[in-house]
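Each chain, written out:
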Amino acid sequence: MIDTKKRIVVLLGPPGAGKGTQAAYIKERFHIPHISTGEILRDNIDKGTPLGIEANKFMHKGDLVPDDLVFDMLKDRVQQNDCAHGALLDGFPRNDDQAEMFFNMEYVSTNAKVSAILIDIPDEEVIKRLSNRRYCPSCKSIYNLIHKVPKKKVGNAFICDNCGTELIIRDDDKVETIKNRLKVFHNTAGPLIDYFNKKNVLYKVSGMTSLEDVFKQIVKILE
Ligand code: AMP
């Protein structure tokens, strides 16, 4: 029998665990759209929408944006056609209240197979990775000055391999903000992880190996 269930993959893990990179691999291999709530929010900030203006009051400090704002935004996004066969969620749900909202959504409760993948890395590694992260404000590519170094540098500025734009450090990748994001992660992740565990859909992978190896671990879980 052909399995017609939607495939919903939730990526969990601290900021800097490599969720964005793995998301790009998963999207290509399993043909599901990558939905990053952080990315949608940043897009709204860049465009100066009412949602962006409200969200930025929380985001620039590394705090979570209120649940209802993020939830409405996500509900709209998964109603789009490209999500008909599933979706890869990166950054949502973020706490146990959002997890409850997630499991109660019709999109998730009807004809879907959910797998939550936790990519595990220690705090020191998070700080090291994020403070070395550079971001392309134009095509949104992400680089790392330790293991994904952009090829071109002009003066002190690194240039995007993909589109030639000057790379920047995201506001929320500044060291003080990273420390607050980690604090927020530790305050909310435990209950969130428990929630997925109780639903029997939680899988853990180590984020301390190579990007390729992390992906191999994920493929084994999803296939
Ligand atoms: P991320 O790119 O996933 O690390 O998210 C960047 C920032 O966006 C977070 O620090 C939060 O301020 C905000 N954000 C992203 N997703 C959520 C969410 N599900 N709930 C609340 N805030 C979020």
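What counts, and where the lines are drawn
Residues numbered from 1 in each chain as written. Predicted model: local features only at pLDDT ≥ 70, side-chain atom pairs only at ≥ 80, totals over all residues. Heavy atoms only, no water. Salt bridge = Lys/Arg side-chain N within 4 Å of Asp/Glu carboxyl O. Helix = DSSP H or I, 4+ residues; strand = E, 2+ residues; numbered from the N terminus. Buried < 20%, exposed > 50% of the residue type's maximum accessible area, 1.4 Å probe, protein only. Axes fitted to C-alpha atoms, helices over the stretch in contact; angles between N-to-C directions. Parallel < 35°, antiparallel > 145°, perpendicular 65-115°, else oblique. Contact = heavy atoms within 4.5 Å. Nonpolar A, V, L, I, M, F, W, Y, C, P; charged D, E, K, R; others polar. Core = buried A, V, L, I, M, F, W, Y, C linked by side-chain atoms within 4.5 Å. Pairing = 2+ DSSP bridges. Phe/Tyr/Trp six-rings, centres within 6.5 Å; stacked < 30°, edge-to-face > 60°. Near = heavy atom within 4 Å. Polar contact = N/O pair within 3.5 Å; in protein donor to acceptor, adjacent residues only side chain to side chain. Areas by Shrake-Rupley, 256 points an atom, 1.4 Å probe, with all protein chains shown as cover.

**Q** Tell me about the pattern of salt bridges, and name the residues and values.
**A** Going through the model one piece at a time under the given rule, you end up with 15 salt bridges. For Asp 43, the salt bridge goes to Lys 47, with nearest N and O atoms at 3.0 Å. You can see Asp 43 and its partner Lys 47 sitting in helix H2 (residues 37–47), 4 residues apart, about one turn around the helix. Judged by its relative accessible area of 26%, Asp 43 falls in the partly exposed class. For Lys 140, the salt bridge is made with Asp 43, and the minimal N-O distance between the two is 3.7 Å. Highlighted residues: Lys 140 in the loop between strand E5 (133–135) and strand E6 (142–144) and Asp 43 in helix H2, separated in sequence by 97 residues. On the basis of relative accessibility, which here comes to 25%, the residue Lys 140 falls in the partly exposed class. Through salt bridges with shared partners, a single ionic network connects Asp 43, Asp 46, Lys 47 and Lys 140.

**Q** Tell me about the packing of H2 against helix H4 (residues 67–78), residues and numbers included.
**A** At their nearest, the axes of H2 and H4 sit 11 Å apart, and the two run at 100° to each other. One element, H2, and the other, H4, form an angle in the roughly perpendicular class. Only Val 70, Met 73, Leu 74 and Arg 77 of H4 make contact with H2, whose side of the interface consists of Thr 37, Ile 40 and Leu 41. In the contact of H2 with H4, the residues fall into 5 nonpolar, 1 polar and 1 charged.

**Q** Can you break down the nonpolar core residue by residue, with the values?
**A** Among the nonpolar cores identified, the biggest contains 33 residues, and Phe 102, Val 114 and Phe 196 are the most heavily contacted of them. Looking at this core, the elements that each hand over two or more residues are strand E1 (6–12), helix H3 (50–59), H4, strand E3 (86–90), helix H5 (96–104), helix H6 (106–109), strand E4 (112–120) and helix H8 (175–198). Non-local contacts of Phe 102, meaning those with residues more than four positions away in its chain, are made with Ile 8, Val 10, Leu 89, Phe 92, Pro 93, Val 108, Val 114 and Phe 196. Core analysis: the next-biggest nonpolar cluster, separate from the first, contains 21 residues, Ile 117, Ile 119, Leu 130 and Ile 178 among them.

**Q** I'd love a proper account of the sheet that holds strand E2 (residues 34–36), names of residues and values included.
**A** Read from one edge to the other, the open sheet built from 5 strands follows the order E2-E3-E1-E4-E9, with strand pairing classed as parallel. Lying at the two open borders of the sheet, with one neighbouring strand each, are E2 and strand E9 (202–206). On average, each strand axis in the sheet is tilted by 25° relative to the strand beside it, whichever way the strands run. Relative to E9, E4 runs parallel, the two being bridged by 5 bridges. By the bridge assignment, Ile 119 is partnered in E9 with Val 205.

**Q** Tell me about the packing of aromatic side chains, residues and numbers included.
**A** For any pair of aromatic rings, geometry is given as the distance between the ring centres together with the angle between the planes. This model, assessed by the stated rule, comprises 6 aromatic pairs. Note on Phe 71 and Phe 92: the rings are 6.4 Å apart at their centroids and 25° apart in plane angle, and the pair reads as stacked. Taken together, the positions of Phe 71 in helix H4 and Phe 92 in the loop between E3 and H5 put the pair 21 residues apart, joining distant regions of the chain. The class for Phe 92 is buried, based on a relative accessible area of 1%. With a centroid separation of 5.0 Å and an interplanar angle of 80°, the aromatic rings of Phe 102 and Phe 103 are classed as edge-to-face.

**Q** How would you summarise the site of the ligand if you had to cite specific residues and measurements?
**A** Near the ligand, the surroundings consist of 16 residues, among which Thr 37, Asp 63, Gly 91, Gln 98 and Arg 181 are the closest. Residue Asp 63 places a main-chain N or O atom 2.6 Å away from an oxygen atom belonging to the ligand. Within the complex, 95% of the 490 Å² of free accessible area of the ligand lies under protein. The element that contributes the greatest number of residues to the shell around the ligand is H2, accounting for 4 residues.

Just distances and angles here, no functional claims.
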